[in-house]
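# What the coordinates show
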Amino acid sequence: MKIKKLLGAALAMAVLAAVSASPSMAKTTVRISHTQIETHPDHIGFVAFKDYVEQKAGDKYDVQIFPNSTLGANEKVLELVKQGVVQFLSVSTANIESFDKIYGVFSVPYLFTSEKAYEGFVTQPEIMEKLSVNADKDGFVALGAFTAGTRNFYSKTPIKSVADLSGKKFRVQSGPTNVAMMNAFGAAATPMSFGEVYSALQQGVIDGAENNELALTDQKHGEVCKYFTYDGHQMCPDLIVGSTKFLKSIPEADQKIFREAAQVAQKAEFEAWHKRIAEAKEQAKKMGVQFFNVDTAEFRNKVLPLHEQLLKENPAMKALYDEASAYNEAHK
Ligand code: GCU
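Note that the coordinates shown come from a computational prediction; the quantities given were computed from them, not determined experimentally.

## Some remarks on the site of the ligand
As a structural note, the neighbourhood of the ligand is formed by Gln36, Ser92, Ala148, Arg151, Arg171, Gln173, Phe194, Asn211 and Asp238. Between Gln36 and the ligand, the recorded distance is 3.0 Å, taken from a side-chain N or O atom to an oxygen atom. At 2.6 Å, a side-chain N or O of Arg171 approaches an oxygen atom of the ligand. Burial of the ligand by the surrounding chains reaches 97%, relative to a free accessible area of 310 Å². Cavity membership is defined here by more than half of the atoms lying within 2 Å of grid points; on that basis the ligand lies in the largest pocket.

## Things to note about the packing of aromatic side chains
For the structure on display, the rule yields 25 aromatic pairs. Between Phe228 and Tyr230 the ring centres are 5.2 Å apart and the planes differ by 65°, which places this aromatic pair in the edge-to-face class. Centroid distance Phe246 to Phe258: 5.4 Å. Interplanar angle 80°. Geometry classified as edge-to-face. Highlighted residues: Phe246 in helix α11 (residues 244-249) and Phe258 in helix α12 (residues 252-286), separated in sequence by 12 residues. Accessibility expressed as a relative area gives 6% for Phe246, which makes it buried. The cationic tip of Lys160 hangs over the ring face of Phe292; the distance from NZ or CZ to the ring centre is 4.6 Å. The ring of Phe291 has Lys281 sitting right over it, with the charged end atom 5.2 Å from the ring centre.

## Here we look at the side chain of His221
With respect to the element layout, His221 can be found in the loop between α10 (214-217) and β9 (227-234). For His221, the side chain forms a polar contact with the side chain of Tyr154, separated by 2.7 Å. In this structure His221 touches Tyr154, Phe194, Val197, Tyr198, Leu201, Ala215 and Leu216, once residues within four positions along its chain are discounted.

## Digging into the pattern of salt bridges
Inspection of every chain in the model, using the stated rule, returns 12 salt bridges. Close ionic contact of Lys267 with Glu271 constitutes a salt bridge, the shortest N to O distance being 3.5 Å. Residue Lys267 and its partner Glu271 are both found in helix α12; the two are separated by 4 residues, about one turn of the helix. By relative accessible area, Glu271 is classed as partly exposed at 48%.

## With respect to the domain arrangement of the protein
Domain annotation for the protein reports domain 1 (2-100 + 114-147 + 237-277) and domain 2 (151-235 + 279-330). The centre of domain 1, based on its C-alpha atoms, is set 29 Å off from the matching centre of domain 2. Listed per partner, the contact involves 26 residues of domain 1 and 25 residues of domain 2. Both sides of the domain 1 and domain 2 interface together cover about 2200 Å² of buried area, and 53% of this is carbon and sulfur. In this structure, the salt-bridge partner of Lys130 is Glu323, at a minimum N-O distance of 2.9 Å.

Conventions used here
Residues numbered from 1 in each chain as written. Predicted model: local features only at pLDDT ≥ 70, side-chain atom pairs only at ≥ 80, totals over all residues. Heavy atoms only, no water. Near = heavy atom within 4 Å. Polar contact = N/O pair within 3.5 Å; in protein donor to acceptor, adjacent residues only side chain to side chain. Areas by Shrake-Rupley, 256 points an atom, 1.4 Å probe, with all protein chains shown as cover. 1 Å grid on protein atoms, 1.4 Å probe; cavity = no way out; pocket = protein on both sides within 12 Å on 5 of 7 lines; lining within 4 Å. Sits in = over half its atoms within 2 Å of the grid points. Phe/Tyr/Trp six-rings, centres within 6.5 Å; stacked < 30°, edge-to-face > 60°. Helix = DSSP H or I, 4+ residues; strand = E, 2+ residues; numbered from the N terminus. Buried < 20%, exposed > 50% of the residue type's maximum accessible area, 1.4 Å probe, protein only. Lys NZ or Arg CZ within 6 Å of the ring centre and 35° of its normal. Contact = heavy atoms within 4.5 Å. Salt bridge = Lys/Arg side-chain N within 4 Å of Asp/Glu carboxyl O. Domains from an automatic or database assignment. Buried area = accessible area lost by both parts, 1.4 Å probe.

Structural data, given as structure tokens:
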């Protein structure tokens, strides 16, 4: 008995010694996941997030960033965020729609017709609060937005009018609104994860996809698709979501640091975005990609009748839809 006690005490001492010898052992690991490469603006945003947290509370938190979908596709990682295994994630609102319908609002095509209006709208902290009404039930909370620019069509054949989409197989992000949108354009919607798109294009499973210019360069889709059309059908942000389980488990002062870090990250990402997008377009041109400006009204008119139907099917997004529409009108 006595020996056992002594051994126990010795063990406790050894553990304490080890902890004080290497303070990192006592730190809480904070895992951040995203799907982009390390030069992407989302990554740059998260580096700013990490720096902020470690500068304010580096003795307590060890922030680790996992880029390139190394922890899995976003649809899967959102589950890990709910469980508190991954603490932060940047994820397109489109991918959140199947978890909470309110996030579908940004997938409504032509909700915004100007990037200025979209950027002004999504950078308001009140909008993140409104999206997060069900945070406790969802298991995650939206803390900030990264812009993902404007989504446009790109394909192996030129898309110069809506008729050029007819019968083609186009990849969309998962989420019912995206599927409805693509079908309304007359194409066959093929939902799949971001990481699967390159090989699907290459193997001819799909004829095209839709995204911002960085998909051409960073994901190399421009190696297969040589035509990019500025139809501007969507502007959906990548949200910085935090695990409510994690945030509730830490002191309030620390929660505040993480919330501030999300705002710092948002600012850094927007700055990096505006620089990077111009470069990416030049890079894509060198890959042989041609960019077309088209009559966006034709594309818009094709899917405007869908708005009413989408709102009927998903009334949870109505209030934000009205607010975004009014904001877009006022900030053209
Ligand atoms: C963009 C966006 C990602 C999204 C991807 C996609 O790159 O930033 O969050 O996952 O598009 O189309 O899946």
